[in-house]
Amino acid sequence: MKLVKPKKFLGQHFLKDLKVAQDIADTVDACPGLPILEVGPGMGVLTQFLVRKERPVKVVELDYESVAYLREEYPSLEDNIIEDDFLKMNLHRLFDGKPFVLTGNYPYNISSQIFFKMLDNKDIIPCCTGMIQKEVAERIAAGPGSKTYGILSVLIQAWYKVEYLFTVSEHVFNPPPKVKSAVIRMTRNDTQELGCDEKLFKQVVKTTFNQRRKTLRNSIKPILGKECPLTEDTLFNKRPEQLSVEEFIDLTNKVEMKNYYDSVDSSFEYIHGKLLHQKDKKFIEDVLDIIKENISNSELGPELIANQMKTSTRNLYRQMKKIIEISPTELVKDYKLSYAAKLLITTNLSVKEIIYKIGITNKSYFYNEFFKKYQLSPKQYKGMKAESEE
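Residues numbered from 1 in each chain as written. Predicted model: local features only at pLDDT ≥ 70, side-chain atom pairs only at ≥ 80, totals over all residues. Heavy atoms only, no water.

> Give a detailed account of the packing of aromatic side chains, specifying residues and quantitative values.
By the definition in use, this model includes 9 aromatic pairs. Taking the centre distance of 5.9 Å and the plane angle of 85° together, the rings of phenylalanine 366 and tyrosine 367 count as edge-to-face. Classification of tyrosine 367 by relative accessible area gives partly exposed; the value is 30%. An aromatic cluster is built from Phe366, Tyr367, Phe370, Tyr374 and Tyr381, whose rings are joined through pairwise contacts. In this arrangement the basic side chain of lysine 206 is found over the ring face of phenylalanine 116, its NZ or CZ atom lying 5.3 Å from the centre. (Phe/Tyr/Trp six-rings, centres within 6.5 Å; stacked < 30°, edge-to-face > 60°. Buried < 20%, exposed > 50% of the residue type's maximum accessible area, 1.4 Å probe, protein only. Lys NZ or Arg CZ within 6 Å of the ring centre and 35° of its normal.)

In structure tokens, the structure reads:
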């Protein structure tokens, strides 16, 4: 059968060296007896060695040409060749919910997404091996204090022991990638519970590393706000790249010190990290009540709020700056985006319907501001929640 031509848009770089393929296949031996799922088999250079392991093997491939090639060359795998997008699959259905080993010569353009998917399914993936860009492998394996230590390092090492196994030259691929590759193995550690809120842990890690050169006192502001008393702790003198996984857990627990309810109002109060006087709290609650009642009104803004509170717009700005150091305009925007995020994960409304429901008339503005706040598009935000519930 005619060979498959590598497709750039799929990030395909077909491995040619059979010795390297054999070595990658042998990395799964650290978890004997478990079935194997190979992602992105291409023309089966790795598959041919995996099927000799005498255990169940399934392969998932998005490229229809590669799927046709595999069915022709590996007829014994016919029922176990899955033509699908790995990132969208329900992995619990693959082996009847039983644990399996994840491996592959991963498409370079989605390797990080594959590992986030692994983390979401860590209960059934005790071992993950495979080949990725050398730079990404170094990031995953890096320890505190390293320039390559970052979000992937912390989130993966919280649950897995990481081994950087060996480097692979760019010359053993067709076409040769512009970077070197590396083979790694990640094996579940003994951690069953982090000892902190896992969702908040991810948020703290991602937020602080977004400004990795700043101290935690500054990089944590998007979560705690300015001049939060919690940041007086000496831990906040460090930069995120200096913290171990255990210290990130400690940091998360410090951030979670206040009782926090998952609502727009309490989220706002928590984010800005202030305990308000009763009078000031009543003022902010009145502002929020007006925002709630007028959430679908495209005219919702400082003037409307000031009119309903029987005060001047200037006084509204002055009061809010004194109490919570945020303008009425910013509060309206923050509330609308938070409400949109809530609707995305609690309803089946389309993004277009949600934009209309929160009174935003400019679609591009909504998408830009939503991404700034959550570092995800609305579709990605909804998708992550759906995957975590599967």
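> Which residues make up helix 5 (residues 134-141), and what values go with them?
Along helix 5, the positions that sit buried rather than exposed are Val136, Ala137 and Ile140. Buried residues in helix 5, looked at end-on, bunch into an arc of 100°, giving them a common side. For helix 5, the secondary structure elements touched by its buried residues are helix 4 (111-120), strand 6 (127-133), helix 6 (151-157), strand 7 (160-168) and strand 9 (181-188). (Helix = DSSP H or I, 4+ residues; strand = E, 2+ residues; numbered from the N terminus. Arc of directions from axis to C-beta. Contact = heavy atoms within 4.5 Å.)

> I'd like to hear about the pattern of salt bridges, residue by residue, with values.
Counted by the stated rule, this structure contains 20 salt bridges. Taking the shortest distance from any N to any O, the salt bridge between arginine 212 and glutamate 241 comes out at 3.2 Å. Placement of arginine 212 in the loop between helix 7 (198-209) and helix 8 (216-219) and of glutamate 241 in the loop between helix 9 (221-224) and helix 10 (245-255) is noted, with a sequence separation of 29 residues between them. What makes arginine 212 partly exposed here is its relative accessible area of 23%. Residue glutamate 241 is classed as buried on the basis of its relative accessible area of 12%. Across the pair aspartate 233 and lysine 254 runs a salt bridge, and its minimum N-O distance is 3.2 Å. Here aspartate 233, found in the loop between helix 9 and helix 10, pairs with lysine 254, found in helix 10; they are 21 residues apart in sequence, far enough to count as distant. (Salt bridge = Lys/Arg side-chain N within 4 Å of Asp/Glu carboxyl O.)

> Account for the packing of helix 15 (residues 328-346) against helix 17 (residues 363-374), with residues named and values stated.
Helix packing for two helices is described by the angle between their axes and how far apart those axes are. Interaxial distance between helix 15 and helix 17 falls to 10 Å at its minimum, and their mutual angle equals 85°. Relative to helix 17, the element helix 15 is oriented roughly perpendicular. Here helix 15 contributes Lys333, Asp334, Leu337, Ser338, Ala340, Ala341 and Leu344 to the contact with helix 17, which in turn contributes Tyr365, Phe366, Glu369, Phe370, Lys373 and Tyr374. When the residues that make up the contact of helix 15 with helix 17 are grouped by side-chain class, the tally is 8 nonpolar, 1 polar and 4 charged. (Axes fitted to C-alpha atoms, helices over the stretch in contact; angles between N-to-C directions. Parallel < 35°, antiparallel > 145°, perpendicular 65-115°, else oblique. Nonpolar A, V, L, I, M, F, W, Y, C, P; charged D, E, K, R; others polar.)

> Just give me the short version of the environment of alanine 340, but keep the residues and values in it.
Looking at where alanine 340 falls in the secondary structure, it is placed in helix 15. Here the alpha-carbon distance between alanine 340 and valine 204, two residues 136 residues apart in the chain, equals 21 Å. Alanine 340 has contacts with Ile354, Ile358 and Phe366, leaving out every residue within four places of it along the chain.

> Please give an account of the side chain of threonine 103 that cites residues and values.
With respect to the helices and strands, threonine 103 occurs in strand 5 (residues 101-103). On the accessibility criterion, threonine 103 (0% relative accessible area) is buried. Of note is the side chain of threonine 103, whose polar atom sits 2.7 Å from the side chain of threonine 129. Those residues in contact with threonine 103 that sit more than four places away from it in its chain are Val28, Ile36, Leu37, Glu38, Val39, Leu50, Thr129 and Gly130. (Polar contact = N/O pair within 3.5 Å; in protein donor to acceptor, adjacent residues only side chain to side chain.)

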